[in-house]
Amino acid sequence: MIQLDILAVGNLERDEEGKILEANSTSVLIRTPDRLIVVDPSTKYMKPMVKTSFKQIGVFPKDVDTVILTHSHRDHVENLGFYKNAKVYIHSGASEEIPGATVIDEEEFRICEGVTMVHTPGHCPEECSVFVEADRRYVIAGDTIPLEDNFRKNVPPALNSDPDLALESIKRVRKYADVVIPGHGFPFMAEW
Ligand SMILES: [Zn+2]
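Notes on the structure follow. (Residues numbered from 1 in each chain as written. Predicted model: local features only at pLDDT ≥ 70, side-chain atom pairs only at ≥ 80, totals over all residues. Heavy atoms only, no water.)

## What to know about the environment of T32
Thought 1: Mapping T32 onto the fold places it in the loop between β4 (27-31) and β5 (36-39).
Thought 2: Each C-alpha atom, one on T32 and one on Q3, is 6.6 Å from the other, the two residues being 29 residues apart in sequence.
Thought 3: Those residues in contact with T32, other than ones at most four positions away along the chain, are M1, I2, I37, C112 and V115.
Thought 4: Of the polar contacts made by the side chain of T32, one reaches the backbone nitrogen of R35; its length is 2.9 Å. (Helix = DSSP H or I, 4+ residues; strand = E, 2+ residues; numbered from the N terminus. Contact = heavy atoms within 4.5 Å. Polar contact = N/O pair within 3.5 Å; in protein donor to acceptor, adjacent residues only side chain to side chain.)

Pasting the structure below:
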């Protein structure tokens, strides 16, 4: 069985002009029978929260074997060094290289049974989501869907490299997901 845990719930705060004041991504742990996968390590600010979550779940960060980065932005990747023994995956197209990361070119890349990286560009060229077949179908969307509002109102991320592609990507998530875990904020049900 595959289990998902939220290691830290991220936030995204803007001022009235839309300038970002604070951004910390949500971080997710996927446990399969033989793999420990983290999607988006998040920021230094969130590290105490992430550490506490590992203690509560009863897993050691050193045992995480895989880290998937939804994209290369700092608010998602800052704690990458915390997972010293993990193989790191990112989709191609990032403007900044992540040292040591394996770059994926495929539209869909299977990490293991039930866990697939899906290219969902639009926020930035390398943006991808992680589709997980567990008790329900989960999409860990990164900034394909930064906030629940983007999904409910069908609007592309405020920061985007291609708004049309971003909407296509939201559509792709919508088709699959029972539950969406956005880049920032709490998981939510796709239909309610
Ligand atoms: Zn973000």
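## Describing the packing of aromatic side chains
Thought 1: One pass over the full model with this rule turns up 6 aromatic pairs.
Thought 2: Each ring, one from F82 and one from Y83, has its centre 5.2 Å from the other, and the planes form 65 degrees; the classification is edge-to-face.
Thought 3: Cluster of aromatic residues (ring-pair linked, three or more members): F54, F82 and Y83.
Thought 4: The ring of Y176 has R137 lying over it, and the distance from NZ or CZ to the ring centre is 4.5 Å. (Phe/Tyr/Trp six-rings, centres within 6.5 Å; stacked < 30°, edge-to-face > 60°. Lys NZ or Arg CZ within 6 Å of the ring centre and 35° of its normal.)

## So, the layout of surface pockets
Thought 1: Approximately 240 Å³ is the volume found for the largest pocket.
Thought 2: Lining the largest pocket are 18 residues, and of these L12, I20, A23, D75 and H184 lie nearest its centre.
Thought 3: Of all the secondary structure elements, the ones that give two or more residues to the lining of the largest pocket are β2 (11-14), β3 (20-24) and α2 (74-77).
Thought 4: Tallying contributions element by element places β3 first for the lining of the largest pocket, with 4 residues.
Thought 5: Among the residues making up the lining of the largest pocket, the classes are represented as 7 nonpolar, 5 polar and 6 charged. (1 Å grid on protein atoms, 1.4 Å probe; cavity = no way out; pocket = protein on both sides within 12 Å on 5 of 7 lines; lining within 4 Å. Points joined across faces, edges and corners; volume = space filled by probe spheres on them. Nonpolar A, V, L, I, M, F, W, Y, C, P; charged D, E, K, R; others polar.)

## Quick notes on the coordination of the zinc ion
Thought 1: Taken together, D75 (OD), H76 (NE2), D143 (OD) and H184 (NE2) make up the protein donors of the zinc ion, found 2.1 to 2.4 Å from the metal.
Thought 2: Sequence spacing of the donor residues for the zinc ion, all on one chain, is D-H-x66-D-x40-H. With D143 in the loop between β12 (137-142) and α3 (148-152) and H184 in the loop between β13 (179-182) and β14 (188-189), this pair connects stretches of sequence that are 41 residues apart. (Donors = N, O, S within 2.8 Å, 3.2 Å for Na, K, Ca; no water.)

## Focus on the pairing of strand β7 (residues 87-91)
Along any regular strand, the residues point their side chains to alternate faces of the sheet.
Thought 1: Of all 5 residues making up β7, 4 are buried, and the element is well covered by its neighbours.
Thought 2: The pairing of strand β6 (residues 66-68) with β7 spans 3 bridges and is classified as parallel. Of the residues in β7, the one forming a bridge with T66 is K87.
Thought 3: The sheet contact formed by β7 and strand β8 (residues 102-104) spans 3 bridges and is parallel. Each bridged residue has a counterpart across the sheet, and for Y89 the counterpart in β8 is T102. (Buried < 20%, exposed > 50% of the residue type's maximum accessible area, 1.4 Å probe, protein only. Pairing = 2+ DSSP bridges.)

## Considering the side chain of N150
Thought 1: Assignment of secondary structure puts N150 in helix α3.
Thought 2: Residue classification places N150 among the buried residues on the basis of a relative accessible area of 7%.
Thought 3: Discounting chain neighbours no more than four positions away, the residues touching N150 are I145, V155, P156, P157 and I170.

## Describing the pattern of salt bridges
Thought 1: This structure, assessed with the given rule, holds 9 salt bridges.
Thought 2: Between K62 and D63 there is a salt bridge; the shortest N-O distance is 3.2 Å.
Thought 3: Judged by its relative accessible area of 36%, D63 is partly exposed.
Thought 4: Linked through salt bridges whose partners overlap, the residues forming this network are E107, E108 and R172. (Salt bridge = Lys/Arg side-chain N within 4 Å of Asp/Glu carboxyl O.)

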